[in-house]
Amino acid sequence: MFSLKSNGTTIIKRILTTKILFKSYSTSSNVTVTRNDKYSQVTEEDISYFKSILEEGGVITDKDDLRMYNTDWMNKYKGNSKVALRPKTTEQISAILKHCHSRSLAVVPQGGNTGLVGGSVPVFDEVILSLGLMNKVSFFKIFFFDFFY
């Protein structure tokens, strides 16, 4: 709705007549998040299993090395995971997810960890599944190219 004063010097613009509420979802809010008890915690046996299927350097447990996986790129959200996994093949990913499912371990996938909303940052002790080494495309065909050639 627009209204104009009679002298034409002031224009009052009223765009919305309803109140819009914005909720803050930052880490500084008073929201208490509790861990779901249906998920198991990562054990040394889990770490040993992951090491058996991944290559050297594929299982990260050092606290300093985990910092880049537990924090988003803007340093806004911080997680508490104890392990990050770096598979190179779909077979390794399949084995990891089968194991996590059988043990009820929560998993957080990470691509480049460049999101703006913290969705790839673990909250508790989730297993971080980093897809950073999955950088080879073995087969890719775009079907619409057939129409152009």
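In case you missed it, the structure is sitting above this.
Residues numbered from 1 in each chain as written. Predicted model: local features only at pLDDT ≥ 70, side-chain atom pairs only at ≥ 80, totals over all residues. Heavy atoms only, no water.

Peer 1: Even after reading the chapter, I still don't get the sheet that holds strand S4 (residues 84–85), so can you show me in this structure?
Peer 2: To summarise the sheet geometry, strands pair through backbone hydrogen bonds and adopt either a parallel or an antiparallel arrangement. Pairing is mixed in the open sheet, where four strands are placed in the order S3-S4-S6-S5. Each end of this open sheet is capped by a strand with a single partner; those strands are strand S3 (59–60) and strand S5 (107–110). Both S4 and strand S6 (residues 127–130) contribute to a ladder of two bridges, which runs parallel. In the strand pairing of S6, Leu85 is matched with Leu129. Each of S4, S5 and S6 is contacted by helix H3 (residues 90–103), which is oriented at about 165° to S6, the strand it contacts most. (Pairing = 2+ DSSP bridges. Helix = DSSP H or I, 4+ residues; strand = E, 2+ residues; numbered from the N terminus. Contact = heavy atoms within 4.5 Å. Axes fitted to C-alpha atoms, helices over the stretch in contact; angles between N-to-C directions.)

Peer 1: I'm lost on the environment of Leu97 in this one. Help?
Peer 2: With respect to the helices and strands, the residue Leu97 is situated in helix H3. With ten residues separating them along the chain, Leu97 and Val107 place their C-alpha atoms 8.1 Å apart. Setting aside residues no more than four positions away along its own chain, Leu97 makes contact with Val107 and Leu129.

Peer 1: It is not clear to me how the pattern of salt bridges should be interpreted in this structure. Could you clarify?
Peer 2: In this structure the tally under the stated criterion is four salt bridges. Salt-bridge contacts for Asp46 lead to Arg103; the nearest nitrogen and oxygen are separated by 2.8 Å. Of this pair, Asp46 sits in helix H1 (residues 44–53) while Arg103 sits in helix H3, and the two are 57 residues apart along the sequence. (Salt bridge = Lys/Arg side-chain N within 4 Å of Asp/Glu carboxyl O.)

Peer 1: I keep staring at the packing of H1 against H3 and nothing clicks. Help me out?
Peer 2: The geometry of a pair of packed helices is captured by two quantities: the angle between their axes and the separation between those axes. Running from N to C, H1 and H3 point in directions that differ by 165°, and their axes come no closer than 10 Å. Between H1 and H3, the interaxial angle falls into the category roughly antiparallel. Handedness of the crossing formed by H1 with H3: right-handed. The segment H1 lies against H3, with Asp46, Tyr49, Phe50 and Ile53 engaging Gln92, Ala95, Ile96, His99, Cys100 and Arg103. (Parallel < 35°, antiparallel > 145°, perpendicular 65-115°, else oblique. Left-handed = near helix turned anticlockwise from the far one by under 90°.)

Peer 1: Explanation requested: the pairing of S6 in the structure shown.
Peer 2: For a regular strand, the rule is simple: side chains alternate between the two faces of the sheet. Covered by surrounding structure in S6 are Val127 and Leu129 together with Ile128 and Ser130, the residues of both alternating faces. Relative to S6, S5 runs parallel, the two being bridged by four bridges. Residue pairing across strands places Val108 opposite Ile128, the latter belonging to S6. (Buried < 20%, exposed > 50% of the residue type's maximum accessible area, 1.4 Å probe, protein only.)

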